[in-house]
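What follows is the residue order along each chain.
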Amino acid sequence: MSQFKASMSGCILFLLLISPMSHAHNRSQSFSVWSIDGPAVSGVFTIKTREVTRLFALKSAQSTLQGLPKILTNHLQETVQVEVNGVLCASQDRAMSLPAAPGYLRASLNFQCKASLGHTAHRLQVDSFFKVAPSHVHYARFTTNSGAATEYLFTDAVRQQTLKSSDLAASHSTYHSVKQYAVMGVAHIFGGLDHIAFLIALLLLTRRPKDVLWLVSGFTLGHSITLSLAAVGWITPDNRTVEALIGFSIALVAAENIGSKIESNRVIALCFSLGLLIMLMVSLLWGIGPATLTSAGLILFTLSYLHQASDDRAARSLRPMLTLAFGLIHGFGFAQVLTEIGLPSTALWPALLGFNLGVEIGQLVIVGIIGLVAYSISQCLVGRNSRRVFDTTSAVLCGWGLYWFVARSYGVI
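Residues numbered from 1 in each chain as written. Predicted model: local features only at pLDDT ≥ 70, side-chain atom pairs only at ≥ 80, totals over all residues. Heavy atoms only, no water.

Draft legend 1. Structural detail: helix H12 (residues 312-334). Compared with the 33 Å implied by 1.5 Å per residue over 23 residues, the 30 Å span of H12 between its first and last C-alpha is a close match. Bending of H12 peaks at approximately 45 degrees at the position of Leu318, with proline Pro320 no more than four residues after it. If you check which residues of H12 are buried, you get Ala315, Arg319, Leu322, Thr323, Phe326, Gly327, Ile329, His330, Gly331, Phe332, Gly333 and Phe334. (Helix = DSSP H or I, 4+ residues; strand = E, 2+ residues; numbered from the N terminus. Expected span 1.5 Å × (residues − 1). Bend = angle between axes of the 7 residues up to and from the residue. Buried < 20%, exposed > 50% of the residue type's maximum accessible area, 1.4 Å probe, protein only.)

Following this line, the structure appears as structure tokens:
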């Protein structure tokens, strides 16, 4: 019990330490969809509202008192350019705000390019948000009036992309769609600190290759199902709830890693349920935070699962189902990119396959790196010393997951 108290104290302490920096390390990404119709080039830029608050660090945003939509449009006007055959296109109108889903901001950009005979090469330059978030990733999709479409990825190191006629010509090919979306899938999982944190928490549960295979397989099956369902539009999840639940999954798995070793999972279940009950009461009284059914469902899930996983042996048999359940939640998070930029109607399933493949490739690389680090620690530190490192890591992940869960539930980050 003393080890449990020490781990929970470490978890609470870490919550206090990470709260000022968690916003800076949250996933930063944006999306745009561009259409080309002769000399006219127009785009719609979409980003989470909380990401726009990063722009307060810029002097140009500090002097703006007209709200986040105006800050975003001014920033895009200064940081997005289109060229045709090396000639800068004129901005037809200033960037304009558009209606957006809750928690998001959208803006339109319109450019008029000089018409040219023969081969036309379009180049898009996106400098948006990289100055305030170097890890920012931008996903852009180009379509033409002929129906051809292709996708490009922008990072701090790659801020310019040239629309190649060969890419448009190959946009209907299966190989091209699989390849392009696989690259996007790899970039997406490597840019998601929360998904990486969950994988670390998952692998801390066991280091036996057979058990790791079962855990990763359950997670893969779960996120593949919901990724596909959300990407094709059959299910439309609430993004804020999904992101909060991803944080909860990290916290629960990390806490269970400690609790199962010292047979304190039932105590952990009561602690988690008490916190969830408080959030439930806040939701009922003031109408803020996670939905009532979400909190109630999490209480039932936590109590039933951790009650059954009373010791390490019982927990081991239940973990594949746990990772399957949490994989379903993470799949909705993976699908966010595809739902924002859309899937090509002419190559829907190849694109979906490619994105899934990219996520799996990235996941396997991350699992391999974590496994090597864990093995090195276990070889260098034997017995209780290595156990202390793994328990401390679990406490850190628990604190981070709890912070993400609560802060995302109330729209703080």
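Draft legend 2. Here's a closer look at the state of the cysteines. Enumeration over the complete set of coordinates arrives at 1 disulfide. Put simply, Cys89 and Cys113 are joined by a disulfide, and their sulfur atoms are 2.1 Å apart. On the sign convention where negative is left-handed, the bridge of Cys89 and Cys113, at about 105 degrees about the S-S bond, is right-handed. Residue Cys89 is located in the loop between strand S4 (87-88) and strand S5 (90-98), and its partner Cys113 is located in the loop between strand S6 (104-112) and strand S7 (122-126); the two are separated by 24 residues in the primary sequence. Just so you know, Cys271 is unpaired, no disulfide at all, and the nearest cysteine sulfur is the one on Cys398, 9.9 Å from it. Judged by its relative accessible area of 39%, Cys271 falls in the partly exposed class. (Disulfide = S-S within 2.5 Å.)

Draft legend 3. Geometry of the nonpolar core. Tyr139, Tyr181, Val253, Phe272, Leu338 and Phe355 are the most contacted members of the largest nonpolar core, which has 74 residues in total. Of the residues forming this core, the biggest block, 11 residues, is contributed by helix H9 (residues 239-261). In this structure Phe355 touches Tyr181, Ala182, Met184, Gly185, His188, Leu227, Phe334, Val337 and Leu338, once residues within four positions along its chain are discounted. One finds Trp34, Ile71, Leu105 and Cys113 within the second-largest nonpolar core, a separate group that totals 31 residues. (Core = buried A, V, L, I, M, F, W, Y, C linked by side-chain atoms within 4.5 Å. Contact = heavy atoms within 4.5 Å.)

Draft legend 4. Region of the structure containing the pattern of salt bridges. Summed over the entire model, instances satisfying the criterion amount to 9 salt bridges. As a salt-bridge pair, Arg141 and Glu151 come within 2.8 Å of each other at their nearest N and O atoms. On the criterion of sequence distance, the pair formed by Arg141 in strand S8 (residues 137-144) and Glu151 in strand S9 (residues 149-154) is long-range, its members being 10 residues apart. The residues Arg141 and Glu151 share a single accessibility class, namely buried. When the shortest N-O distance is used, the salt bridge between Arg159 and Asp156 registers 2.5 Å. Arg159 sits in the partly exposed class, given a relative accessible area of 28%. If you follow the salt bridges from partner to partner, you end up with Lys48, Arg50 and Glu243 in one network. (Salt bridge = Lys/Arg side-chain N within 4 Å of Asp/Glu carboxyl O.)

Draft legend 5. Fine view of the packing of aromatic side chains. Across all of its chains, the model carries 12 aromatic pairs by this definition. Where Phe248 meets Phe272, the ring centres are 6.0 Å apart and the plane angle is 75 degrees; that geometry is what we call edge-to-face. With Phe248 in helix H9 and Phe272 in helix H10 (residues 265-286), the pair connects residues that are 24 residues apart, well separated along the chain. In this structure, Phe248 and Phe272 share a single accessibility class: buried. Taken together, Phe198, Phe219, Phe301, Tyr305 and Phe326 form an aromatic cluster joined through their ring pairs. (Phe/Tyr/Trp six-rings, centres within 6.5 Å; stacked < 30°, edge-to-face > 60°.)

Draft legend 6. A look at the packing of helix H7 (residues 193-204) against H12. Where H7 contacts H12, the two axes come as close as 11 Å, and the packing angle between them is 165 degrees. By the angle class used here, H7 and H12 are roughly antiparallel. For the crossing formed where H7 meets H12, the hand is left-handed. Packed against H7, whose contacting residues are Asp194, His195, Phe198 and Leu202, the element H12 presents Thr323, Phe326, His330, Gly333 and Phe334 at the interface. When its residues are assigned to classes, the contact of H7 with H12 shows 4 nonpolar, 4 polar and 1 charged. (Axes fitted to C-alpha atoms, helices over the stretch in contact; angles between N-to-C directions. Parallel < 35°, antiparallel > 145°, perpendicular 65-115°, else oblique. Left-handed = near helix turned anticlockwise from the far one by under 90°. Nonpolar A, V, L, I, M, F, W, Y, C, P; charged D, E, K, R; others polar.)

Draft legend 7. Highlighting the sheet that holds strand S3 (residues 80-84). Taken in spatial order, the 4 strands of this open sheet run S4-S3-S7-S10, and their pairing is antiparallel. Each edge of the open sheet carries a strand with a single partner, namely S4 and strand S10 (160-163). Sheet topology places S7 next to S10; 4 bridges connect them, and they run antiparallel. Note on S10: the bridge partner recorded for Leu124 is Gln161. (Pairing = 2+ DSSP bridges.)

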